[in-house]
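Overview (structure and organization)
Spelled out, the chains give:
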Amino acid sequence: MEIENIEIATFANGCFWCTEAVFNRVEGVEKVISGYTGGHIKNPPYREVCQGRTGHAEGIQIHFDPSVVSFNALLEIFFATHDPTTLNRQGYDVGTQYRSAIFYHSETQKQQAMDFITLLENEKVFSSKIVTEVTSFDIFYDAGEDHKDYYERNKEQSYCQFVIDPKIKKINTYYSDKLKEKTV
């Protein structure tokens, strides 16, 4: 069954393995692709992105049905599953490739992202200033099959257990009403 009104959201918030695992569980998300965006060279290789040489962020493209899950709901999960107050860093991952960013596909997405950040700031949800960049989407490069469903294929890896499992547990606890099913 093909869904007619699919929209795309492009987020970067650290390692794309984590982000893909989180958003693949959200009801209304049809597909999540790990890749690179926001850089200055064409077809960047993973090693160069990881070394911070390309200007790209590790990101994901979320193909979603807005009649099931709104862009604002995706923003809420995005901000709840990473630290948007650390510049070019998520946990032990440091560099511009791990920056927090929203690459908007429309003026509506841009405004919703800006409004959501303002709400979080006004409500003092985080103790430090949000540094998430909100930038117009340009191009996205698929990271390839090696990175697709990494968490699902490597749950026994310590990185998955110590970094991704807590994010999955968090969405299971706080966003169970938005999930396809509750799993770890």
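This text gives an overview of the structure that appears in the document. Remember, predicted model here, so these are calculated numbers, not experimental data.

A few words on the packing of helix H1 (residues 16-23) against helix H6 (residues 158-174). Close contact between H1 and H6 brings their axes to 10 Å; oriented N to C, the two are set at 30°. By crossing handedness, the relation of H1 to H6 is classed as right-handed. Where H1 abuts H6, its residues Trp17, Cys18, Ala21 and Val22 lie against Tyr159, Val163, Ile164, Lys167, Ile168 and Ile171. In terms of residue class, the contact of H1 with H6 is built from 9 nonpolar, no polar and 1 charged.

Note on placement: Glu133 falls in strand S7 (residues 133-136). Taking the relative accessible area as the measure of exposure, Glu133 reaches 27% and is therefore partly exposed. Spatially, the C-alpha atom of Glu133 lies 9.3 Å from that of Pro84, the residues being 49 residues apart in sequence. Engagement of the side chain of Glu133 in a polar contact is seen with the side chain of Arg99, the distance being 3.1 Å.

Moving on to the pattern of salt bridges. Applying the stated criterion across every chain yields a total of 5 salt bridges. For Asp177, the salt bridge is made with Lys178, and the minimal N-O distance between the two is 3.8 Å. Residue Asp177 is classed as exposed on the basis of its relative accessible area of 63%. Via salt bridges that share partners, Arg25, Glu152 and Lys155 belong to a single interconnected network.

Cut-offs applied
Residues numbered from 1 in each chain as written. Predicted model: local features only at pLDDT ≥ 70, side-chain atom pairs only at ≥ 80, totals over all residues. Heavy atoms only, no water. Axes fitted to C-alpha atoms, helices over the stretch in contact; angles between N-to-C directions. Helix = DSSP H or I, 4+ residues; strand = E, 2+ residues; numbered from the N terminus. Left-handed = near helix turned anticlockwise from the far one by under 90°. Contact = heavy atoms within 4.5 Å. Nonpolar A, V, L, I, M, F, W, Y, C, P; charged D, E, K, R; others polar. Buried < 20%, exposed > 50% of the residue type's maximum accessible area, 1.4 Å probe, protein only. Polar contact = N/O pair within 3.5 Å; in protein donor to acceptor, adjacent residues only side chain to side chain. Salt bridge = Lys/Arg side-chain N within 4 Å of Asp/Glu carboxyl O.

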